Amino acid sequence: MHSSSAYEMARGSTATSPTLGDAQSTYEFRGRLDVLRSTNLEIVAGHDLVREDANAIDAASLDGTRGNQTVNRVTVAANHRFNRLSLNLRGGLSETTYEDDPFAAARNFTQRTLTGRATWSFRPTLAAFGEVGYDRREREGPVAGDGLSRSSDGERVRLGLSFGETGAILRGEASLGYGRQRPDAAALPDAEAFLIDANLAWRITPLTSLLFTADTNIDETSVAGASATVGRRMGLAVRHAFRRHLIGETGVTYASQDYVGSTLDENEIEFRARRICRRSLPDAVHRGPPQLVPLDGPEPGLRGTRCPRRRPCAQLRRGGPLSGPGPGALSEHPLDLALQIIAQVGA
């Protein structure tokens, strides 16, 4: 038996004005305990402070001033491997609060989740998985616009394929599924969605990769008459390594928000081009923008570091979520110079 833990802290801000500025901070602890050779426990606890989207319809202020949103969260997972079959059971608790908002009681909510996942590995670069989840959300009070609470119960079912993180040509995973959120208030409609989630990288040449990302979420809203929002996002990007420490990327992302029970519908297209500067850092410290690193275990949702067996180890990572494939790896420098052109398509 051995234990391993990793502590991660990330802070960043780019404030230009009270209405357009952006600031956020994240403090996170990640740990893992190997109980048996094929069984381990994981925990992630975090505190997030972010500003609301400048275009958020739910924002209380009408003059463009953005309030702060605070999220306190903890997730615990248990993993076990039976040769080719891996089982994962994880539960989460999060509390979301809005500061400087006169309608905070109607927007603040607590979320509890319980998810089970089974994965069958055909080979290191191909596995099939199925996932079933339950979601409970509780609001502090009713929405002022219609006097109805947005507390609800939800279910998620997903089936997908994982191509691992070591393939020479294709990496990542993709899944299809169904999700539903059922409000406690009978006057509000159920929010249902066909779920598409993907994070795939196709290496066209040793220096060029094509990246495809997609995610679907059923999110909270306080719009009168709407029970929830179904958010969809899809992105396609090309990344090319000009030098060992200089990588260029360009791509396009489409996002939509459908307010269930309302006629509101938001669509957005974002074009981006950026350069990524990479540098080698000491084993114990990694800096860079958000990237995920899989733990040495079957758990798909939590991420951490790999530690040698039979001895404890800890790593301090500052400047961004865990980045790079492991100690000594190259990580992205926080100087991320990006050109973003955002076009609103519809309202």
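Residues numbered from 1 in each chain as written. Predicted model: local features only at pLDDT ≥ 70, side-chain atom pairs only at ≥ 80, totals over all residues. Heavy atoms only, no water.

**Focus: the confidence of the model for the protein**
Now for step 1: Per-residue pLDDT for the protein averages 76, and the proportion of residues at 70 or more is 68%.
Now for step 2: This stretch, residues 1–21, has a pLDDT under 50; its non-local contacts, to residues over four places away or in other chains, come to 80 contacts.
Now for step 3: Across residues 280–347, confidence stays below pLDDT 50; counting only partners more than four residues off in sequence or on other chains, it has 170 contacts. (pLDDT = per-residue confidence, 0-100. Contact = heavy atoms within 4.5 Å.)

**Some words on the environment of E173**
Now for step 1: Among the secondary structure elements, E173 is positioned in strand β9 (residues 170–183).
Now for step 2: Take E173: its relative accessible area is 28%, and that puts it in the partly exposed class.
Now for step 3: For E173 and S162, which are 11 residues apart along the polypeptide, the C-alpha to C-alpha distance reads 4.1 Å.
Now for step 4: Apart from the residues lying within four places of it in its own chain, the contact partners of E173 are R117, F129, L161, S162, D197, A198, N199 and L200. (Helix = DSSP H or I, 4+ residues; strand = E, 2+ residues; numbered from the N terminus. Buried < 20%, exposed > 50% of the residue type's maximum accessible area, 1.4 Å probe, protein only.)

**Section: the side chain of R150**
Now for step 1: Mapped onto the fold, R150 is located in the loop between β7 (126–139) and β8 (152–162).
Now for step 2: One polar contact links the side chain of R150 to the main-chain carbonyl oxygen of L148, over a distance of 2.9 Å.
Now for step 3: Looking at R150, its side chain comes within polar contact range of the main-chain oxygen of A226, at 2.7 Å.
Now for step 4: Setting aside its immediate chain neighbours within four residues, R150 contacts R139, V143, L188, E220, T221, V223, A224, G225, A226 and S227. (Polar contact = N/O pair within 3.5 Å; in protein donor to acceptor, adjacent residues only side chain to side chain.)

**Focus: the pairing of strand β11 (residues 208–219)**
Now for step 1: In the sheet, strand β10 (residues 191–203) pairs with β11 via six bridges, with the strands oriented antiparallel. Each residue of the ladder has a partner; that of A201, found in β11, is L211.
Now for step 2: Across 12 bridges, β11 lies against strand β12 (residues 228–243) in antiparallel orientation. For T213, the partnering residue across the bridge sits in β12 and is G235. (Pairing = 2+ DSSP bridges.)

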